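Residues per chain, in single letters:
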Amino acid sequence: MIDLGRLRALHAVASYGTVLAAGEALHCTPSAVSQQLAKLERETGATLIEKDGRRLRLTEAGRVLAGHAERVLSTVDEAEAALAAHRDTVIGRLTVAAFATACRALLPYALHRLATDHPQLATGLVEVNPHEGLEVLRRGHVDLAVLDDWPEVALRYPPGITHVEIGRDVADLIVPTGHRFATGREVRLAQAGDERWISAKSGDICHQWLLRVLPGVRPDFHVGEFETQLTLIAAGLGIAIIPRLARPPLPAGVCVVPVRPVPTRRVVLAWREASAARPAVTAAVGALREAWRRQEVAPAG
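Remember, predicted model here, so these are calculated numbers, not experimental data.

Focus: the packing of helix α1 (residues 4–16) against helix α2 (residues 19–26)
- The contact between α1 and α2 brings their axes to 8 Å, and the two run at 120°. Relative to α2, α1 is oriented oblique. When you trace α1 past α2, the crossing you get is right-handed. Here Arg-8, Ala-9, Ala-12, Val-13 and Tyr-16 of α1 come into contact with α2, specifically with Ala-21, Ala-22, Ala-25 and Leu-26.
- Looking at the contact of α1 with α2 residue by residue, the classes come out as eight nonpolar, no polar and one charged.

Take a look at the structure:
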């Protein structure tokens, strides 16, 4: 009989490509992963892994077994969820992946609520971009993902993932107070194409969105924190689109400009279908829905 822990090691190496990365994902040492793989090869009588430079490459036998391992581990997820649902008790450990704004605006309340209502549940949080969030969710390294999904650069949800929208977050155009747009009149987004732009970091979904809605724009500043974007705007260095959920109190020297079309992103919760019956996932979804209802979105003007 093939040991489940050894299948997890093979699946992790297949997913991450190195023993070091697999060990980090499994919260164990690289040597422990190597030992599991060696035992699995002895167990199966097949060579499963070959060296390919600094990385590892699965043999044909390794790819066959890794494919089965993914299905086996998904079935184990379903079994654990069914057993948890049978107990009807919110216990164990639940890890959430979330984009940066949600980590600040939604997760503190939601995690506190879970700790208060379900003291036998241990929780964890990891900040990731939405593409990374979907990937670590698919691989089973987190239990729930909070994602920002812009329609112009919509996420693709892999098979086996359930998702639900909990709200829509409007974004506003923020400009320096002395800017030509700072008149109170509505601005068409296309009118701002030749401005100096302050955007999220290259590769972030907010950056991808800006490039999609304003073809040809080349931001001069790439800044991850929205608070820092506001300080740059206040200094007269450029303009930015900032979601309301992410927006701290506005500093002196900036103002909000009505813009059309109104930039809007979906805030989405996602989890594996195999874990849908797990009480901890249901409780977390409820807590995040409540956190969304409670959060106060900054006014547009």
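The discussion continues.
Topic: the layout of surface pockets
- A volume near 1,200 Å³ is recorded for the largest pocket.
- Looking at the largest pocket, it is lined by 40 residues, and the ones nearest its centre are Asp-77, Gly-140, His-141, Val-142 and Arg-272.
- For the lining of the largest pocket, the secondary structure elements donating two or more residues are α1, α2, α4 (60–87), β3 (92–98) and α7 (130–138).
- With nine residues, the top contributor of residues to the lining of the largest pocket is α4.
- Partitioned by chemical class, the residues of the lining of the largest pocket number 17 nonpolar, ten polar and 13 charged.
- In this structure, the second largest pocket is lined by 20 residues; those nearest its centre are Phe-99, Ala-100, Glu-127, Asp-204 and Gly-224.

A closer look at the environment of Val-64
- In this structure, Val-64 sits in helix α4.
- Overall, Val-64 belongs to the partly exposed group, its relative accessible area being 45%.

Section: α1
- Here α1 spans 18 Å end to end across 13 residues, near enough to the 18 Å set by a 1.5 Å rise per residue.
- For α1, the complete set of buried residues consists of Arg-6, Leu-7, Ala-9, Leu-10, His-11, Ala-12 and Val-13.
- You can read the cap of α1 off the contacts: a side-chain oxygen lies 2.9 Å from the backbone nitrogen of Gly-5, and it is on Asp-3.
- Count one or two residues on from α1 and you reach Gly-17, which has phi positive near 90°.

Points about unusual backbone geometry
- A cis amide bond, omega -5°, links Arg-260 with the succeeding residue Pro-261.
- Its location among the elements puts Pro-261 in the loop between β12 (259–260) and β13 (264–272).
- One non-glycine residue, His-27, lies in the positive phi region at around 60°.
- Considering the arrangement of structural elements, one finds His-27 in the loop between α2 and α3 (30–44).
- Overall, His-27 belongs to the exposed group, its relative accessible area being 74%.

What to know about the packing of α1 against α3
- One way to put it is that α1 packs onto α3 with a least axis distance of 9 Å and a crossing angle of 110°. Of the possible angle classes, the one that applies to α1 and α3 is roughly perpendicular. With respect to the hand of their crossing, α1 and α3 are arranged in left-handed fashion. Each of Gly-5, Arg-6, Ala-9, Leu-10 and Val-13 in α1 lies in contact with α3, whose residues at this interface are Val-33, Gln-36, Leu-37, Lys-39, Leu-40 and Glu-43.
- Class assignment for the residues of the contact of α1 with α3 results in six nonpolar, two polar and three charged.

What about empty space enclosed by the protein?
- The final tally for this structure, using the stated rule, is one cavity of 30 Å³ or more.
- Its boundaries defined by the atoms lining it, the largest cavity holds a volume of some 100 Å³.
- Around the largest cavity, the lining comprises 14 residues; the ones closest to its centre are Ser-199, Ala-200, Cys-206, Trp-209 and Ile-241.
- Contributions of two or more residues to the lining of the largest cavity are made by β8 (198–199), α8 (205–213), α9 (226–234) and β10 (240–243).
- For the lining of the largest cavity, the element with the most residues is α8, which contributes four residues.
- Residue composition of the lining of the largest cavity, by class: eleven nonpolar, three polar and no charged.

Structural notes on the pattern of salt bridges
- Within this structure, the stated rule accounts for 22 salt bridges.
- Between Glu-50 and Arg-57 there is a salt bridge, with the nearest N and O atoms lying 2.3 Å from each other.
- Given a relative accessible area of 37%, Arg-57 falls into the partly exposed group.
- One salt-bridge network, held together by shared partners, links Glu-70, Glu-135, Arg-138 and Arg-139.

Concerning the pairing of β3
- Counted residue by residue, β3 has five buried out of seven residues, so it is predominantly covered.
- Pairing between β3 and strand β4 (residues 121–127): seven bridges, direction parallel. Within β4, the position partnered with Ala-97 by the bridge is Val-126.
- As defined by bridge partners, β3 adjoins strand β5 (residues 144–149) across three bridges and the pair is classed as parallel.

What counts, and at which threshold
Residues numbered from 1 in each chain as written. Predicted model: local features only at pLDDT ≥ 70, side-chain atom pairs only at ≥ 80, totals over all residues. Heavy atoms only, no water. Axes fitted to C-alpha atoms, helices over the stretch in contact; angles between N-to-C directions. Helix = DSSP H or I, 4+ residues; strand = E, 2+ residues; numbered from the N terminus. Parallel < 35°, antiparallel > 145°, perpendicular 65-115°, else oblique. Left-handed = near helix turned anticlockwise from the far one by under 90°. Contact = heavy atoms within 4.5 Å. Nonpolar A, V, L, I, M, F, W, Y, C, P; charged D, E, K, R; others polar. 1 Å grid on protein atoms, 1.4 Å probe; cavity = no way out; pocket = protein on both sides within 12 Å on 5 of 7 lines; lining within 4 Å. Points joined across faces, edges and corners; volume = space filled by probe spheres on them. Buried < 20%, exposed > 50% of the residue type's maximum accessible area, 1.4 Å probe, protein only. Expected span 1.5 Å × (residues − 1). Polar contact = N/O pair within 3.5 Å; in protein donor to acceptor, adjacent residues only side chain to side chain. Salt bridge = Lys/Arg side-chain N within 4 Å of Asp/Glu carboxyl O. Pairing = 2+ DSSP bridges.

Remember, this is a structural readout, not a statement about activity or role.
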